[in-house]
Amino acid sequence: MKAKAVYDILEEYFKPDQCTDVVKNGIQYDNAEEIEKVYTATFAAGSVINEILKRREEDILLFTHHPLPQRKAPDYKSGEISRSLLMKMKGNKVSLFSYHIPLDRNGEYSPGNNLAKAMGMIPYEEFYFQDNVFMGVLCNSSFTTAYEVKKRLEKLIGHRAKLYSYGEAFLDGGRIAVMAGGASDPDIYEYLAGKGVNTFVTGVTNPQKAEWVSKIHERAKQYEINLIGGTHCSTEKFACIAMTDFFKKMGLKAEFIDEESDLYDL
């Protein structure tokens, strides 16, 4: 399939022009005129790119949620794709395409909806408006306690999660808020309390990781909202898993490549 045709279909569906963002959306590195197969990943990680290169395939599109690798300890500055990897991608005709906020927007392929779906929950209302889109969802569930939610999340993502017990252990009517990745707006906790939601599943919850995280803990305590963190990468990856179906509907082969999550997020 012509690469431009793939990009046009993505743009028509996700409408990036309707969003605002801090990163470049769309084609990052255009190295192939034809696309034979698509790999999806949460970040443009070196491990993901190396896995693709190891397979010695050509005319490949790597579709990611984030156009760069995860931020790494100790300083957590913005990551970069090495020049050597970029040169190898060009030589092997591996292109990189990324949608950040356009993918975050609630919908069939969004991180919030797909995390909720994977956990067996049913979204009934949107919340968390940022960059001109809604990203979070309020969900109904069969869970009765925050401990059950944490246990289910851990089974799903394959590593430990973190529960900060700031509210009642028992869920009010099984209602849960979900915002994959991270939620920096401290005002949402008053909103959630008003909606009868006392448990919030998200990605980054470690108050030592960034100043904004410590602020959300203050509000979560104030409004007695339990916080459950599953890491940035692990909570968002279900959108990229779902995106394989998007590309398969085009008639393309598609495969998700996982990567190691940063447990310091917890």
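Just so you know, these numbers come straight off a predicted model, no measurement behind them.

A. Region of interest: the side chain of Thr-199. Mapped onto the elements of the fold, Thr-199 is located in strand β9 (residues 199–202). The class for Thr-199 is buried, based on a relative accessible area of 0%. Not counting residues up to four positions away in its chain, the partners in contact with Thr-199 are Ala-146, Leu-171, Ile-176, Ala-177, Ile-225, Asn-226 and Ile-228.

B. Structural detail: unusual backbone geometry. The residue Arg-56 is not glycine, and still its phi comes out positive at about 55°. With respect to the secondary-structure elements, Arg-56 resides in the loop between α2 (46–54) and β3 (60–64). A relative accessible area of 74% places Arg-56 in the exposed class. You will see that Asn-132, though not glycine, has its phi angle at about 75°, which is positive. Position of Asn-132 relative to the elements: it lies in the loop between β5 (122–130) and β6 (133–140). Judged by relative accessible area, Asn-132 falls into the partly exposed class, the value being 46%.

C. Inspection of the pattern of salt bridges at higher detail. Across all of its chains, the model carries 16 salt bridges by this definition. Between Glu-255 and Lys-37 there is a salt bridge whose closest N-O contact spans 3.2 Å. Placement of the pair is Glu-255 in strand β11 (residues 253–256) and Lys-37 in strand β2 (residues 37–41), with a sequence separation of 218 residues. Owing to a relative accessible area of 27%, Glu-255 belongs among the partly exposed residues under this scheme. For Lys-37, a relative accessible area of 13% puts it in the buried group. Lys-209 is paired through a salt bridge with Asp-265; the nearest N and O atoms lie 2.1 Å apart. Taken together, the positions of Lys-209 in the loop between β9 and α8 (211–222) and Asp-265 in the segment after β11 put the pair 56 residues apart, joining distant regions of the chain. A network of salt bridges, in which partner residues are shared, links Lys-37, Glu-51, Lys-54, Arg-55, Glu-57 and Glu-255.

Scoring rules and cut-offs
Residues numbered from 1 in each chain as written. Predicted model: local features only at pLDDT ≥ 70, side-chain atom pairs only at ≥ 80, totals over all residues. Heavy atoms only, no water. Helix = DSSP H or I, 4+ residues; strand = E, 2+ residues; numbered from the N terminus. Buried < 20%, exposed > 50% of the residue type's maximum accessible area, 1.4 Å probe, protein only. Contact = heavy atoms within 4.5 Å. Salt bridge = Lys/Arg side-chain N within 4 Å of Asp/Glu carboxyl O.

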